[in-house]
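Geometric and topological summary
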Amino acid sequence: MTQRPLELILARNLMSALSTPAFLVDEGGVLVFYNEAAGMMLGKRFEELGTVGADEWGQLFGPFDESGEPIPYDDLPLVAAVREGRPAHAEFEIHSTDGASHEVEVSAFPILTAHGSQGAIAVFWPTRMNGDGAGPA
Amino acid sequence: MKVKLWGTRGSIPSPGPETIRYGGNTSCVGVTLSDGSLLALDAGTGIRCLGLALGEEPTRLHILLTHLHLDHIQGLVFFAPAFRPQTEIVIWGPASPEASLRDRIARYISAPLSPVEVRELPCDVSFRHCPQAEWEIGSARIRAASVAHRGPTLGYRIDDGDSSLAYIPDHEPALGADLDLLDEDWISGFELARDASLLIHDGQYADAEYPRHVGWGHSALSHSLAFARRTGAERTVLFHHDPMHSDEFLDRLGGEASRRWQELGGEPGAVGLAEERAEFELPARAREAVAPA
């Protein structure tokens with residue numbers, strides 16, 4: 001296994017201590033971690049899911065726009081943060097494994113280091129839950 | 001590869017009768033590679049004695065700095081070979097977006113903190129940022145990687161033949177993390193220390209002291225032992241002793257470290273505390289025979 005960059009390790013450690021849903025992707029855009037709060041919102045802990053690529057993520061959780069259409073991977077704030085090295089913000093809907101859907105605001109920012117972009121962090125702000133899912137505490 | 005500990009203390013020099021055995025000089029480790037090349041890992045006050053031991057002969061030396069906290073550079077202006085024109089010194093250290101390595105070190109080697117300026121040093125001195133990729137010095141391959149501490153900080157791995165030395169003197173890998181649960185690729189410094197012949201690692205705090213020092217950039221004993229166990233280092237030396245720790249305290253801490261290491265299933269004698277002037281010889285290990293397909 002290749003050693004993760006220190007900046008990603010520290011970001012993961014910080015996110016682990018937060019009660020705000022937060023997601024971490026590496027420099028290739030692969031989801032490498034999300035915290036317990038995010039796991040509660042999705043209905044699946046990261047330890048159960050593991051590292052996933054964009055395709056699998058999209059099939060499991062979305063995201064979807066206001067008309068229910070899947071949002072292209074390239075339009076996601078995390079992708080903009082990783083590829084363009086800039087912060088990005090969006091509103092969309094995701095589905096959790098228990099059938100609930102969550103309207104969220106998402107802010108993503110890149111992890112830029114002396115050696116270039118190492119990935120990005122996205123923080124989800126749930127604004128509304130629809131359905132019968134347990135949802136966030 | 002020969003390794004000698006010239007300074008084992010962290011934070012600030014702490015000379016006196018109560019620290020005479022483990023030593024009061026701050027971080028410096030001398031390394032003689034198998035081809036005779038000389039390295040100094042950090043330049044705390046221990047490097048003064050290393051300089052005296054080198055004598056008057058012309059010297060070429062590489063100094064590998066983990067970071068620029070004072071306890072890792074304070075000895076530079078008292079390093080006798082730096083004041084001889086026949087000496088060549090290459091100083092390696094972490095890059096920073098703020099200023100070059102030379103300019104950051106010059107903040108210390110300049111008025112009013114120092115009587116001499118970098119440009120006045122008689123030796124041939126140069127400054128290099130550590131590359132991301134492995135590089136060679138003499139017979140060794142050197143690797144540097146960022147590790148969890150306060151500010152830009154590196155750990156080093158030195159491979160010479162089949163022997164390897166990992167040097168991570170200032171390290172808090174368990175900050176916000178459980179080292180027993182993380183996958184190895186998510187542990188700060190893991191690749192530097194993996195299966196090292198000798199790991200010199202931060203051991204600043206007893207477990208009871210750590211809660212008052214969370215985020216200060218150093219390890220508690222439990223963290224150091226967990227890191228050593230996870231990385232599979234053959235031998236571990238706990239380093240960067242807290243200046244408040246007397247020889248008597250460190251004797252007790254060393255005893256506890258040894259006992260707990262064996263409770264974890266480790267070999268007796270494979271973990272110990274760093275003592276100033278201690279020497280280690282890392283022989284080339286025989287490679288395991290590869291079975292035919």
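Quick caveat: nothing in here was measured; it's all calculated off a predicted structure. (Residues numbered from 1 in each chain as written. Chains lettered and ligands numbered in written order. Predicted model: local features only at pLDDT ≥ 70, side-chain atom pairs only at ≥ 80, totals over all residues.)

1. Focus: the interface of chain B and chain A
Accessible area lost on assembly of the parts is the figure often given for the size of an interface. Of the residues lining the interface, 16 residues belong to chain B; the matching set on chain A comes to 14 residues. Every element with two or more residues in the side of chain B that touches chain A is listed here: strand S8 (140-146) and helix H3 (190-193) of chain B. Looking at the side of chain B that touches chain A, its residues break down into 9 nonpolar, 4 polar and 3 charged. (Contact = placed C-beta atoms within 7 Å. Helix = DSSP H or I, 4+ residues; strand = E, 2+ residues; numbered from the N terminus. Nonpolar A, V, L, I, M, F, W, Y, C, P; charged D, E, K, R; others polar.)

2. Side note on the sheet that holds strand S12 (residues 236-239) of chain B
Residue and element names in this part refer to chain B. Strand order in the open sheet formed by 7 strands is S7-S8-S9-S10-S11-S12-S13, and the pairing between neighbours is mixed. Two strands lie at the open edges of the sheet, namely strand S7 (135-137) and strand S13 (271-273), each paired on one side alone. On average, each strand axis in the sheet is tilted by 20 degrees relative to the strand beside it, whichever way the strands run. Summarising the sheet, strand S9 (residues 154-160) and strand S10 (residues 163-168) pair through 5 bridges and their orientation is antiparallel. Bridge pairing in S10 places Arg-157 opposite Ala-166. Contacting strand S11 (198-202), S12 and S13, helix H4 (residues 221-231) runs over the sheet at an angle of about 150 degrees to S11. Relative to S13, helix H5 (residues 247-263) is tilted by about 170 degrees, and along the sheet it contacts S12 and S13. (Pairing = 2+ DSSP bridges. Axes fitted to C-alpha atoms, helices over the stretch in contact; angles between N-to-C directions.)

3. So, the sheet that holds strand S1 (residues 22-26) of chain A
All names here are of chain A. Pairing within the open sheet is antiparallel, and its 5 strands lie in the order S2-S1-S5-S4-S3. The sheet terminates laterally at strand S2 (31-34) and strand S3 (88-95), the two strands that pair on one side only. Neighbour-to-neighbour, the strand axes of this sheet turn through a mean angle of 30 degrees, independent of strand direction. Here S3 runs beside strand S4 (residues 101-113); their pairing, made up of 8 bridges, is antiparallel. Pairing of His-95 across the sheet is with Ser-101, part of S4. Along the sheet, helix H5 (residues 77-84) makes contact with S1, S3, S4 and strand S5 (116-130), crossing S4 at roughly 10 degrees.

4. Side note on the confidence of the model for chain A
For chain A, per-residue confidence averages 86 on the pLDDT scale, and 94% of positions sit at 70 or higher. The low-confidence segment residues 133-137 of chain A (pLDDT under 50) makes 15 contacts with residues lying over four places distant or belonging to another chain. (pLDDT = per-residue confidence, 0-100.)

5. Things to note about the pairing of strand S2 (residues 28-32) of chain B
All names here are of chain B. Burial runs high along S2: 4 of the 5 residues are buried. Bridging between strand S1 (residues 2-7) and S2 involves 5 bridges; their strand directions are antiparallel. Each bridged residue has a counterpart across the sheet, and for Leu-5 the counterpart in S2 is Val-29. Bridge count between S2 and strand S3 (residues 38-41): 4 bridges; the pairing is antiparallel. Bridge pairing links Val-29 to Leu-41 in S3. (Buried ≥ 20, exposed ≤ 12 C-beta atoms within 10 Å, placed from the backbone.)

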